[in-house]
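Residue-level structural notes
So the chains spell out like this:
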Amino acid sequence: MDGTSQFLHGTLEVTIFHATPYQPSSPCMCLGSKGRPTYVSIKINQQTVARTSYERDRIWNQTFQILCAHPPDSLITIAMKMKCFTLGQLHFTAKQLLNGARFHNGFFHLNLEDGKPIPNLQLQLILWYRPVHYETSWLRQIKDGNFRGLESASFPQRTNCSVTIYHDAHHSSTFKSPLDLSGGPRKLWEDVYTAIEGAKHVIYIAGWSLNPKMVLVRDPETELPHARGVRLGHLLKQKAEEGVAVWIMLWDDETSLPLIKNKGLMRTHDEDSVAYFRNTKVVCRLCPRLHKSFPTIFSHHQKTITVDAQVRDSPGSREIMSFIGGVDLCDGRYDTEEHSLFQTLNTEAHSLDFYQTSIAGASLQKGGPREPWHDGHACIRGAAAMDILTNFEQRWTKQCDKSLLLPASTKSSLFLPEGTPAGKDANWSVQVFRSIDCSSVSHTGEFFREESIHNAYVQAIRGAESFIYIENQYFIGGCDMWERDRHCGCRNLIPTEIAMKIVKKIRARERFAVYVVIPMWPEGVPESQCVQDILFWTRETMKMMYNMIGKALQETGGEGHPRDYLNFFCLANREEEQVGEFIPMDSPHPTTLYWNAQKNRRFMIYVHSKLMIVDDIYMIMGSANVNQRSMDGGRDTEIVIGCYQPNSSQNKQNGYIHAHRMGLWYEHTRSADELYHRPESIECVRRLQSTGQKMWNTYTSEEVVDMKGVHLVCYPVTISKDGSLRDLDSIDHFPDTTAPIKGKRSKILPPLFTT
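Residues numbered from 1 in each chain as written. Predicted model: local features only at pLDDT ≥ 70, side-chain atom pairs only at ≥ 80, totals over all residues. Heavy atoms only, no water.

On to the overall build of the protein, then. Across its full length, the protein carries 15 helices and 28 strands. Scaling as 2.2 N^0.38, a compact globule of 755 residues should have a C-alpha radius of gyration of about 27 Å, and the protein matches this with 26 Å. Once the C-alpha set of the protein is aligned to its principal axes, its extents read approximately 85 × 65 × 55 Å. Looking at the protein residue by residue over its 755 residues, the buried ones come to 62%. When the 83 positive and 84 negative side-chain charges of the protein are each reduced to one mean point, those points stand 5 Å apart. (Helix = DSSP H or I, 4+ residues; strand = E, 2+ residues; numbered from the N terminus. Rg over C-alpha atoms; globule rule 2.2 N^0.38 Å. Buried < 20%, exposed > 50% of the residue type's maximum accessible area, 1.4 Å probe, protein only. Lys, Arg positive; Asp, Glu negative; His and termini not counted. Charge placed at Lys NZ, Arg CZ, Asp CG, Glu CD.)

The structure is reproduced here in structure tokens:
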């Protein structure tokens with residue numbers, strides 16, 4: 001029995017059949033309730049995890065697979081409800097299920113909320129708890145060729161796809177990854193330009209933000225010299241004039257008001273884009289993220305570009321190609337592996353694209369540091385690329401104008417049947433996952449809600465055998481296991497599942513390593529309430545994980561340390577002044593934090609990637625953050641892919657996922673250490689810890705010392721052997737700021753907003 005058996009850890013399969021007829025005894029409950037639509041909700045610790053549709057005849061016949069990673073004192077509540085009140089409910093305790101009563105089948109009497117039984121009201125259901133250690137390892141299924149993907153997703157797993165993986169929007173011509181399987185790291189924005197320029201029929205763009213004045217190709221050494229300086233909006237208008245259907249669907253930030261020059265709180269250029277394309281053949285639509293309770297809080301966060309492209313090795317044929325990931329076509333995203341702070345401010349790269357949202361009052365006129373940007377993206381060909389197109393059309397049909405959609409005859413000519421070889425590199429299996437609900441997509445039921453991104457993450461973590469590598473903008477979850485704020489609603493299980501995986505490995509005395517790379521702080525002024533609130537939730541998540549790991553080490557009598565298994569890093573840069581740098585016209589006031597950062601010539605690299613690699617075999621990449629907003633399905637809309645190469649599963653070091661991770665680590669450390677091929681080993685863990693600590697010392701020292709491209713730094717916390725977490729002895733705030741590293745709970749902002 002593994003060490004997580006003391007938790008409710010596995011899958012609850014619940015089937016709701018039907019209920020017996022019942023008339024409420026109290027007329028004030030709901031007048032004329034007979035025949036009213038009724039539904040059944042399932043909660044774990046007051047958090048709704050599933051619900052049926054409304055049915056007048058009270059016959060549902062609906063089954064739910066509910067992922068669990070909860071404390072042993074958890075309570076499962078199944079309630080039958082109408083809109084205005086609860087008809088009755090019943091409970092199952094986690095202890096019942098953990099003590100052997102895992103299967104329940106039959107008619108169950110329902111009780112009032114005060115516990116009094118309701119005569120003649122019964123609900124027929126099946127509840128079956130399957131502990132995680134009984135689940136078949138999907139990783140073994142991949143190796144055996146039997147993995148069929150995630151069943152709860154809208155789109156099935158597709159075979160014979162090709163995948164190109166990018167880190168950052170661009171790379172300098174001198175940058176070479178240690179395991180180069182494709183002739184050098186690809187240059188994302190140049191590939192996007194080429195794809196748009198080459199489209200003959202369709203260009204679909206879905207984004208959180210888009211700036212039509214953005215220039216994609218900026219490298220003086222580019223192989224696309226004709227594209228230098230061409231604005232994205234000009235290119236799109238040109239393609240529309242050629243007869244290509246160019247449709248852009250952007251999140252409508254409803255705070256973009258004329259009163260503040262349409263900038264909006266998030267500065268997404270939504271109104272600017274509509275104005276730019278007005279009276280052109282480009283169709284640009286703004287879509288609010290509809291939510292019944294909080295219409296302006298959540299966003300459409302998907303980032304996809306879909307075009308038709310020439311089929312490789314078949315000049316006369318066309319196919320659908322889709323880009324997907326974390327990079328929006330907007331300000332500040334263009335960056336290379338150098339992640340410069342000051343040295344590109346007078347170059348094509350950033351002289352017209354100075355971006356710095358974490359320092360109040362920052363501008364090019366006052367000088368750097370700019371905010372460097374690290375991100376990830378992918379390009380897909382094959383049937384999965386068509387699934388991304390389908391997602392766009394479902395959203396467009398729901399919130400825009402379905403009469404404008406691409407004709408079926410045109411689309412069918414661009415669709416290669418699944419299994420059709422799409423080139424020599426079409427050796428990937430790819431599945432598209434989403435967080436989305438019925439308010440944002442067509443062709444779904446009234447209560448449709450998809451959380452397949454969350455489920456894919458959990459499935460991948462549960463199947464991991466040796467290591468997990470994560471890069472993400474946020475890392476928050478598992479509130480059921482926190483010391484406090486357990487009912488804040490941040491119920492995604494990703495951090496909890498990682499901690500439980502480590503605990504299991506500790507008890508089995510097997511090596512396992514998890515590396516998590518996040519920003520020093522979320523984007524924004526670090527002293528602001530929003531940023532401090534998110535830092536507080538992040539600290540609660542870390543504390544929960546290290547506490548579980550520390551307890552497991554103590555209980556097994558091991559000599560190890562929690563950081564032998566779990567490590568958090570961030571990225572940062574520091575540059576010595578060089579001849580020929582940009583000289584600003586003005587300077588910050590000497591008493592400001594801006595002045596401090598400029599004087600010390602340092603700043604964090606903003607990690608915006610949304611990536612998880614498991615055992616160098618499986619990868620999840622897309623737009624989704626590790627927080628409740630992205631994983632919920634009813635908050636921000638998201639889209640990602642899960643992918644692997646079946647032929648590389650037996651020898652993962654021959655695969656592109658392994659090569660991609662090695663490329664990322666080379667970018668972050670400027671080393672291709674042989675230990676990096678064994679990321680689960682304690683030697684590799686300690687090598688990265690050593691690098692991270694050395695560079696943190698360089699970053700925080702009083703003397704300005706150039707970091708020379710080595711950007712990996714340890715996240716600034718101290719972990720004790722028992723798993724307790726505290727601030728560093730030397731510093732409790734981020735350098736050049738007054739912002740506490742541990743964050744501070746806001747008295748104003750609701751958890752719904754910041755988790």
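A word on the environment of cysteine 643. Counting through the fold element by element, cysteine 643 comes out in strand E25 (residues 638-644). Measuring from C-alpha to C-alpha, the distance between cysteine 643 and glutamine 157 comes to 8.8 Å, with 486 residues separating the pair along the chain. Look past the residues within four positions of cysteine 643 in its chain and what remains in contact with it is Trp428, Ser429, Val430, Ile617, Tyr618, Met619 and Ile657. (Contact = heavy atoms within 4.5 Å.)

Grouped together as the largest cluster of nonpolar side chains are 97 residues, with contacts concentrated most on Ile468, Ile498, Met520, Phe568 and Tyr715. For methionine 520, the contacting residues outside a window of four places in its chain are Leu535, Cys570, Ala572, Met604, Trp696, Tyr699, Val713, Tyr715 and Phe734. Membership of the second largest hydrophobic core comes to 56 residues, among which are Ala245, Ile641, Leu664 and Cys714. (Core = buried A, V, L, I, M, F, W, Y, C linked by side-chain atoms within 4.5 Å.)

To continue, consider helix H3 (residues 188-198). By the criterion of burial, H3 is predominantly enclosed, with 8 of the 11 residues buried. Its buried side turned inward, H3 meets strand E9 (158-167), strand E10 (202-207), helix H4 (232-241), strand E13 (304-311), strand E14 (314-325) and strand E16 (376-381).

Another point: the pairing of strand E1 (residues 8-19). E1 sits mainly inside the fold: 9 of its 12 residues count as buried. Sheet topology places E1 next to strand E4 (residues 59-70); 10 bridges connect them, and they run antiparallel. The residue bridging leucine 12 from the neighbouring strand is isoleucine 66, located in E4. The sheet contact formed by E1 and strand E8 (residues 117-131) spans 8 bridges and is antiparallel. Note on E8: the bridge partner recorded for valine 14 is leucine 127. (Pairing = 2+ DSSP bridges.)

Attention now moves to unusual backbone geometry. Cis geometry marks the peptide bond from glycine 368 to proline 369; its omega dihedral reads 10°. Here proline 369 shows up in the loop between E14 and strand E15 (373-374). Even without being a glycine, histidine 339 presents a positive backbone phi close to 50°. For histidine 339, the position within the fold is in the loop between E14 and E15. By relative accessible area, histidine 339 is classed as buried at 0%.

With that out of the way, let us pick up the state of the cysteines. All chains considered together, the criterion is met by 0 disulfides. There is no disulfide at cysteine 400, and the cysteine sulfur nearest it, in cysteine 287, is 3.4 Å away. Of the cysteine sulfurs around cysteine 438, a residue in no disulfide, the closest is that of cysteine 287, at 15 Å. (Disulfide = S-S within 2.5 Å.)

Glancing now at the pattern of salt bridges. As enumerated under the stated definition, the model contains 34 salt bridges in all. The closest approach of N and O atoms between aspartate 636 and arginine 629, which form a salt bridge, is 3.0 Å. Aspartate 636 gets classed as buried once you look at its relative accessible area, which sits at 6%. Residue class for arginine 629 comes out buried when judged on its relative accessible area of 13%. Each of Arg449, Glu451, Arg491, Asp632 and Arg635 takes part in salt bridges that share partners, so that together they form one network. (Salt bridge = Lys/Arg side-chain N within 4 Å of Asp/Glu carboxyl O.)

Moving on: the environment of isoleucine 142. Following the sequence through the fold, isoleucine 142 ends up in helix H2 (residues 138-144). Here isoleucine 142 falls in the buried class, since its relative accessible area comes to 2%. Separated by 449 residues in the primary sequence, isoleucine 142 and threonine 591 have C-alpha atoms spaced 58 Å apart.

This part is about the side chain of lysine 303. Relative to the elements of secondary structure, lysine 303 occurs in the loop between strand E12 (283-287) and E13. Assessed through its relative accessible area of 3%, lysine 303 is described here as buried. Polar side-chain contacts of lysine 303 include one of 3.4 Å to the backbone oxygen of histidine 301. There is a polar contact of 2.6 Å between the side chain of lysine 303 and the side chain of aspartate 328. (Polar contact = N/O pair within 3.5 Å; in protein donor to acceptor, adjacent residues only side chain to side chain.)

Attention now goes to helix H11 (residues 593-600). For H11, the complete set of buried residues consists of Tyr594, Ala597, Gln598 and Asn600. Looking one or two places after H11, you find arginine 601, whose phi comes out positive at around 50°.

A few words on the packing of aromatic side chains. Applying the stated criterion across every chain yields a total of 25 aromatic pairs. Summarising the aromatic geometry, the rings of tryptophan 482 and tryptophan 537 are spaced 5.6 Å apart at their centres and angled 20° between planes, so their arrangement reads as stacked. Of this pair, tryptophan 482 sits in the loop between strand E19 (467-472) and helix H9 (494-507) while tryptophan 537 sits in helix H10 (residues 529-556), placing them 55 residues apart in sequence. Of the two residues, tryptophan 482 and tryptophan 537, neither departs from the other in class, the shared state being buried. Members of the aromatic cluster, each reached through a chain of ring pairs, are Tyr204, Trp247, Phe392 and Trp396. One residue, arginine 130, lies across the ring of tryptophan 128, its end atom 4.8 Å from the ring centre. (Phe/Tyr/Trp six-rings, centres within 6.5 Å; stacked < 30°, edge-to-face > 60°. Lys NZ or Arg CZ within 6 Å of the ring centre and 35° of its normal.)

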